[in-house]
Amino acid sequence: MRYRKLGLTELNVSLLGFGASPLGDVFSPTDPEEGTRAVHHALDQGVNLFDVSPYYGVTLAEERLGVALAGRRDSVILATKCGRYGVDLFDFSARGVAGGLEDSLRRLRTDYVDLLQVHDIEFGDTEQIIHETLPALKHLQKQGKTRYIGITGYSLKTLLHVAAAVPVDAMLSYCRYNLLVTDMDEALVPFARQHEIGLINASPLHMGMLTENGAPEWHPAEPAVHAASRRAEAVCRAHGVSLPEVALRFCLAHLYVSSTLVGMATRQQVDENLRALKDVDDEELIAEIQAVIVRDQNVVWTSGREENYG
Ligand code: NAD
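Within each chain, residues carry numbers counting from 1 in the order of the written sequence. Given that this is a predicted model, residues contribute local features only at a pLDDT of at least 70 and side-chain atom pairs are listed and counted only at 80 or more, while totals for whole chains, interfaces and linings are drawn from all residues. For side-chain calculations, the full set of non-hydrogen atoms in the structure is used, while hydrogens and water are omitted.

Let's shift gears to the overall build of the protein chain. A helix here means a DSSP run of H or I that spans at least four residues, while a strand means a run of E at least two residues long, and both kinds are numbered starting from the N terminus. Within the protein chain, the secondary structure is distributed over 11 helices and 12 strands. Throughout, the radius of gyration refers to the C-alpha atoms, and the reference size of a globule is 2.2 Å times the residue count to the power 0.38. Taken over C-alpha atoms, the radius of gyration comes to 18 Å for the protein chain, in line with the 19 Å a tight globule of 310 residues would show. Dimensions of the protein chain, computed from C-alpha atoms along their principal axes, come out at roughly 55 × 45 × 35 Å. When accessible area is computed with a 1.4 Å probe and restricted to protein chains, residues below 20% of their type maximum are described as buried, those above 50% as exposed, and intermediate ones as partly exposed. Counting all 310 residues of the protein chain, 57% fall into the buried class. Here a residue-residue contact requires only that any non-hydrogen atoms of the pair lie within 4.5 Å. Looking at the protein chain alone, contacts between residues at least 24 apart form 75% of all its contacts between residues at least 6 apart. The protein chains shown are the only cover counted for residues, whose accessible areas, like all others here, come from Shrake-Rupley with a 1.4 Å probe. Total accessible area computed for the protein chain in this model is approximately 12900 Å², and 50% of it derives from carbon and sulfur atoms. Side chains of the protein chain carry 29 positive and 42 negative charges; the gap between the two charge centres is 3 Å. The charge count treats Lys and Arg as positive and Asp and Glu as negative. His and the chain ends do not count. Where a charge sits is defined by one atom per residue type, namely NZ (Lys), CZ (Arg), CG (Asp) or CD (Glu).

Laid out in structure tokens, this is it:
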């Protein structure tokens, strides 16, 4: 496993991070015992960053991750989130995020997390995030309940706006840097580099779309993008290679991102995704994939409050 410093923090995170949302049955029902084995297997292979949220499966992912990490907390860099608690349930108030973290700590069976992130900030009033939520996270940091603080979201514009107003240790962006979309690179990376903010790239498979089975029904992308992913899959199939492996390797090659978070719930997925760490020259294959998806690349959706779209 390779590791990279997360910005200016002391967290040396694995290039491949464990996204725990599938443990909350967000994509499809999963077997909790296999989920625990997948967590242990990933840990044994050197994966040390585990990312979760109370939102995933409405607390189920945190519960299951807490069970899986029992006795192994010290070997893990544990990241969770606050502020989002359901599809339409948000509470970015100081009291809300403090209470939210207490509940997360109980479910995760620990008394601190390594990274506490405000979840999906584009759904909030950015004035509140800047003047109330993040100061509350700073306070929780001083209390030792989290080692570092961060923000997450889909809207690159909102991540930039908030990070420019309040210093944060890390930013997590999702579905904005993978085979289908790369605008994180121009919109976020220069700012993160300049300010040495840790950058986590989530959803390298475009939330399940860049797999053999394709995306879940709730996926927000346009039908044309789904169709493009099927053409990419056909190219990979013709070459006898796995689309998720190629898609993940594309993300892992990023030079600034500290960790790429992929959602996993089985040992088989962990093994498949670890294979993406191998040095393989995919250049020609990626050019071939890009040729069949080019007209549907960089198509984004809207998320959150209208004033935060972007
Ligand atoms: P992803 O792109 O990682 O795709 C996950 C899906 O792909 C799941 O259905 C999983 O079972 C499947 N999968 C994984 N490996 C596979 C393989 N080798 N073969 C076939 N299928 C495979 O999407 P994600 O889970 O949304 O993103 C990863 C993680 O990033 C999340 O679990 C979460 O921790 C984090 N995240 C955070 C935010 C946020 O903070 N706003 C948003 C999205 C994701």
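So, on to the site of the ligand. In the vicinity of the ligand, 28 residues are found, and the nearest of them are Ser21, Asp51, Asp120, Leu205 and Gly263. Any N or O atom pair separated by 3.5 Å or less is treated as a polar contact, with the protein-specific requirement of one donor-capable and one acceptor-capable atom, and with residues adjacent in sequence counted only for side-chain atom pairs. Taking Ser21, its side chain carries an N or O atom lying 2.8 Å from an oxygen atom of the ligand. Within the side chain of Ser203, an N or O atom sits 3.1 Å from an oxygen atom of the ligand. Isolated, the ligand exposes 830 Å² of accessible area, and the fraction of that covered by the protein chains is 91%. Of all elements in the fold, only β10 (170-174), β12 (259-263) and α10 (267-275) reach the threshold of two or more residues within the shell around the ligand. Three classes are used: nonpolar for Ala, Val, Leu, Ile, Met, Phe, Trp, Tyr, Cys and Pro, charged for Asp, Glu, Lys and Arg, and polar for all others, with Gly counted as polar. A class-by-class count of the residues in the shell around the ligand yields 13 nonpolar, 11 polar and four charged. The rule for a residue being near a molecule or strand is that one of its heavy atoms must lie within 4 Å of it.

Moving on, we come to unusual backbone geometry. The backbone phi angle of Cys175 is positive, close to 55 degrees, even though this residue is not glycine. The residue Cys175 is located in the loop between β10 and α6 (184-187) in this model. A positive phi angle is found at Ser203, which is not glycine, with a value near 65 degrees. For Ser203, the position within the fold is in the loop between β11 (198-202) and α8 (223-239).

Another aspect to go through is the packing of aromatic side chains. For Phe, Tyr and Trp, rings pair up if their centres lie within 6.5 Å, where Trp contributes its six-membered ring, and each pair is then called stacked (planes under 30 degrees apart), edge-to-face (over 60) or tilted (otherwise). Summed over the entire model, instances satisfying the criterion amount to eight aromatic pairs. Look at Tyr177 and Phe250: their rings are 5.5 Å apart centre to centre, the planes differ by 15 degrees, and that puts the pair in the stacked class. Pair noted here: Tyr177 is in the loop between β10 and α6 and Phe250 is in helix α9 (residues 243-252), with a separation of 73 residues, a long-range link. Neither residue differs from the other here; Tyr177 and Phe250 are each classed as buried. Members of the aromatic cluster, joined through ring pairs, are Phe90, Phe92 and Phe123. As a reminder, the over-ring test applies to NZ of lysine and CZ of arginine, requiring each to be within 6 Å of the ring centre and within 35 degrees of the ring normal. Positioned above the aromatic ring of Tyr112 is the side chain of Arg73, whose terminal nitrogen or guanidinium carbon lies 4.1 Å from the ring centre. The positively charged end of Arg84 is found above the aromatic ring belonging to Tyr55, 4.2 Å away from the centroid.

Quick look at the nonpolar core now. Residues enter a nonpolar core if they are buried and are Ala, Val, Leu, Ile, Met, Phe, Trp, Tyr or Cys, with the set joined through side-chain atoms within 4.5 Å. Core analysis: the largest hydrophobic core is formed by 103 residues, its most contacted members being Phe18, Phe50, Leu65, Leu134, Ile151 and Met171. A per-element tally of this core places α9 first, with seven residues. Setting aside anything within four residues of it in sequence, one finds Leu134 in contact with Val118, Ile129, Ile149, Gly150, Ile151, Val162, Val166 and Val168.

With that settled, consider the environment of Asp44. Along the chain, Asp44 turns up in helix α1 (residues 32-44). By relative accessible area, Asp44 is classed as exposed at 52%. In this structure the C-alpha to C-alpha distance between Asp44 and Ser75, which are 31 residues apart in sequence, comes to 10.0 Å.

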